[in-house]
Amino acid sequence: AIFALSLDLLGGYTGLVSFGHAAFYGVGAYTLGLMAPKYEAASLWLTLPAAMLAAGAAALVVGVFVVRVKGIYFIMVTLAFAQMFYFVFHDTKFGRGSDGISMNFKPVAAIGGFTPFDLSNTTHVYYVVFVLLVAVFVFLRTVLRSPFGRALQGIRSNEHRMRSLGFPVYWYKLASFTLAGALAGLAGYLSALQFGFVNPELLSWHQSGNVLLMLILGGVGSLYGAVVGAFAFV
């Protein structure tokens, strides 16, 4: 649902239909896999922000190039970049190839000597992810009601008019693309945390197709629809 919400910001509210959104989902997941020590647990408070920053940075770099185009060209260029990310993790030692990375320990949420929740307990994981889903939902709802969010919706409706009114359309679209990528990285991180395993299929075009189908099922351009669509699909 968090993954679907991130794509809804891009496709439903900015008008940029991406078929390569799984690239940032995978980057978030792989950040945990690559940062996790082999013989001890990683810190949640270190790896989670790192995953979102890595995914957001990747989205920013890709966005610099892709938000210049629109329509079917945008779809194809995002797919091309996603495939490039896929092969970086699939065909190089950096991503450990097609075997992926297994993590021996769940991240720990210790703050000093206090541990507010135990991520090796599946019930605790459920509630942590649920709280993060609610937080992302509220955050996006607040963003979309702000002047920035209204501008994004204006760009979706009539980009030429927004440009004629003096809005820096390119920078608004780049900001939306970057934010959506960071939130997709959060979703990927939580997937890696849940399953304790990452592989290149997380970045494949199938994954991008799955999340797009979630939006279609629930209704594009609706935060509630993104959540409902995700639950219906899964």
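Thresholds, definitions, all that
Residues numbered from 1 in each chain as written. Predicted model: local features only at pLDDT ≥ 70, side-chain atom pairs only at ≥ 80, totals over all residues. Heavy atoms only, no water. Helix = DSSP H or I, 4+ residues; strand = E, 2+ residues; numbered from the N terminus. Contact = heavy atoms within 4.5 Å. Salt bridge = Lys/Arg side-chain N within 4 Å of Asp/Glu carboxyl O. Buried < 20%, exposed > 50% of the residue type's maximum accessible area, 1.4 Å probe, protein only. Axes fitted to C-alpha atoms, helices over the stretch in contact; angles between N-to-C directions. Parallel < 35°, antiparallel > 145°, perpendicular 65-115°, else oblique. Left-handed = near helix turned anticlockwise from the far one by under 90°. Nonpolar A, V, L, I, M, F, W, Y, C, P; charged D, E, K, R; others polar.

Student: Which residues make up the side chain of E159, and what values go with them?
Tutor: Within the secondary structure layout, E159 lies in helix 7 (residues 159-164). Contact partners of E159, with chain neighbours within four places excluded, come to K70, G154, V169 and K173.

Student: Pulling in residues and values, what's your account of the pattern of salt bridges?
Tutor: For the structure shown, the criterion picks out 2 salt bridges. The residue E159 makes a salt bridge to R163 at a minimum N-O spacing of 2.8 Å. Taken together, the residues span about one helical turn, with E159 and R163 both in helix 7 at a distance of 4 residues. By relative accessible area, R163 is classed as partly exposed at 42%. Of the charged contacts, one joins K173 and E159 as a salt bridge, the two residues approaching to 3.4 Å between their closest N and O atoms. Of this pair, K173 sits in helix 8 (residues 169-195) while E159 sits in helix 7, and the two are 14 residues apart along the sequence.

Student: How would you summarise unusual backbone geometry if you had to cite specific residues and measurements?
Tutor: The backbone of R96 shows a phi angle near 65°, a positive value even though the residue is not glycine. Among the secondary structure elements, R96 is positioned in the loop between helix 4 (72-91) and strand 1 (101-102). R96 gets classed as partly exposed once you look at its relative accessible area, which sits at 46%.

Student: Could you give an account of the packing of helix 3 (residues 44-66) against helix 4, with specific residues and numbers?
Tutor: Where helix 3 meets helix 4, the axes come as close as 11 Å, and the angle between the chain directions of the two elements is 140°. By the criterion of interaxial angle, the relationship of helix 3 to helix 4 is oblique. For helix 3 against helix 4, the interelement crossing comes out right-handed. Only F74, V77, T78, F81 and F85 of helix 4 make contact with helix 3, whose side of the interface consists of A58, V62, F65 and V66. Grouping the constituent residues of the contact of helix 3 with helix 4 by class yields 8 nonpolar, 1 polar and no charged.

Student: Let's hear about the environment of A80: which residues, and what values?
Tutor: By secondary structure assignment, the location of A80 is in helix 4. According to the relative accessible area criterion, A80 is partly exposed, its value standing at 41%.

Geometry only, nothing functional implied.
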